[in-house]
Amino acid sequence: MPPDLRHWQQDFLAALHSGAPSGPAMGIHRRTVLEAMENTLAAIFRVTQTLTGTECFAALAQAFFQAHPPQSPVLAEGASRMSDFLKTTPLAETLPYLPDLTRWEWLRWEVLQSAGAASPPWKPHDPRALLSGRVAFAPSTRLYASPWPIAALWEAHQEPEGLQPGWQPPAGHCHAVLYRLHNHVEALACSPALHAVLTALKDGALLGAALDAEALEEQDIAHLETAFAKGLVWPDDVGSWP
């Protein structure tokens, strides 16, 4: 690449990402990029936009763009940083659950873009009989944990009329396994103990060791069986399993 062209590109990017672009043409181009970025973020973080308001969200999108300029033509790829970015804003104090809500929405988007759950070639009847092996996770599987009832909050905003009068979020945490089913994102609720088991498994722990580390209830075992049955997890090396 000729040095002059490289310097021109560097100057162009610097002007594009600055708060005061030089010249009317650059200003028009920058507003176009900002609008595209705002629309992309709004498509991913719909409930976040609803809770903050359209104007506030537009300001957030602009600040986010300046802090994290797009590194790819696919603008959505940079949106994974939105949750961490919100933690640095005053909104994290007034709406302390907002970064976790944004992370939930990002994971749903990421799951939707990934491959769906595949049917495992061998389905166990009882995960407790498979204690000496490791498991693999379907490409669309994501684990989520929050001290806030994020799933209930997100679900409440899916109604066309918005939140119902008098609606109150349930108390407690949110632990879930997000996965893709056809063209939809599903969430399998789980207990903190089962979430810890699944996290350990995703980190490579043996199934038996992961189960021994947590006191699972019968409902947790049933949910783990469901994860196997739905193809969310399966034996990592099928040939080594009985």
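Anything mentioned here points back to the structure above.
None of the values given here were measured: they were computed from a predicted structure.

Once that is clear, we can look at the overall build of the protein chain. Each helix and strand in the protein chain was counted, giving 11 helices and five strands. For the protein chain, buried positions account for 41% of its 242 residues. Carbon and sulfur atoms provide 55% of the accessible area of the protein chain, an area that totals close to 13,200 Å².

On to the sheet that holds strand 4 (residues 184-189). An order of 2-3-4 is seen for the three strands of this open sheet, with the pairing classed as antiparallel. Only two strands of the sheet have a single neighbouring strand rather than two, namely strand 2 (142-146) and strand 4. Averaged over all neighbouring strand pairs, the angle between strand axes comes to 30°, with direction disregarded. One ladder, built from five bridges, connects strand 2 with strand 3 (residues 174-181); its direction is antiparallel. Each bridged residue has a counterpart across the sheet, and for S146 the counterpart in strand 3 is C174. Across the sheet, helix 9 (residues 192-202) lies against strand 2 and strand 3, angled at about 140° from strand 2, the strand it touches most.

Turning our attention to the packing of aromatic side chains. The full count for this structure, using the stated rule, is three aromatic pairs. Relative to F85, the ring of F64 lies with its centre 5.4 Å away and its plane at 75°, an arrangement referred to as edge-to-face. Pair noted here: F64 is in helix 4 (residues 54-67) and F85 is in helix 5 (residues 82-86), with a separation of 21 residues, a long-range link. Given the relative accessible area of 0%, F64 is considered buried. In this structure, R108 packs its charged tip against the face of W154, placed 3.8 Å from the ring centre. Taking the ring centre of F137 as reference, the NZ or CZ of K202 above it sits at 5.3 Å.

A regular strand places its side chains on the two faces of the sheet in alternate fashion. One ladder, built from six bridges, connects strand 3 with strand 4; its direction is antiparallel. Within strand 4, the position partnered with L178 by the bridge is A187.

The subject of this paragraph is helix 7 (residues 98-113). Between its first and last C-alpha atoms helix 7 spans 23 Å; for 16 residues at 1.5 Å apiece the expected length is 22 Å, and the two agree. Residues of helix 7 that are buried include every one of L98, P99, D100, L101, T102, W104, E105, W106, L107, R108 and V111, and no others.

This part takes up the environment of P149. For P149, the location among the structural elements is in the loop between strand 2 and helix 8 (150-156). On a C-alpha basis, the gap between P149 and H175 in space is 8.8 Å, while along the polypeptide they are 26 residues apart.

Evaluation of the coordinates by the stated rule reveals three salt bridges. One salt bridge connects D84 with K87, and the closest N-O pair in it is separated by 3.5 Å. As a salt-bridge pair, R103 and D100 come within 3.5 Å of each other at their nearest N and O atoms. Of this pair, R103 and D100 both sit in helix 7, three residues apart, which is roughly one turn of the helix. Among the residues examined, R103 registers a relative accessible area of 27% and is labelled partly exposed. Given a relative accessible area of 11%, D100 falls into the buried group.

Cut-offs applied
- Residues numbered from 1 in each chain as written.
- Predicted model: local features only at pLDDT ≥ 70, side-chain atom pairs only at ≥ 80, totals over all residues.
- Heavy atoms only, no water.
- Helix = DSSP H or I, 4+ residues; strand = E, 2+ residues; numbered from the N terminus.
- Buried < 20%, exposed > 50% of the residue type's maximum accessible area, 1.4 Å probe, protein only.
- Areas by Shrake-Rupley, 256 points an atom, 1.4 Å probe, with all protein chains shown as cover.
- Pairing = 2+ DSSP bridges.
- Axes fitted to C-alpha atoms, helices over the stretch in contact; angles between N-to-C directions.
- Contact = heavy atoms within 4.5 Å.
- Phe/Tyr/Trp six-rings, centres within 6.5 Å; stacked < 30°, edge-to-face > 60°.
- Lys NZ or Arg CZ within 6 Å of the ring centre and 35° of its normal.
- Expected span 1.5 Å × (residues − 1).
- Salt bridge = Lys/Arg side-chain N within 4 Å of Asp/Glu carboxyl O.

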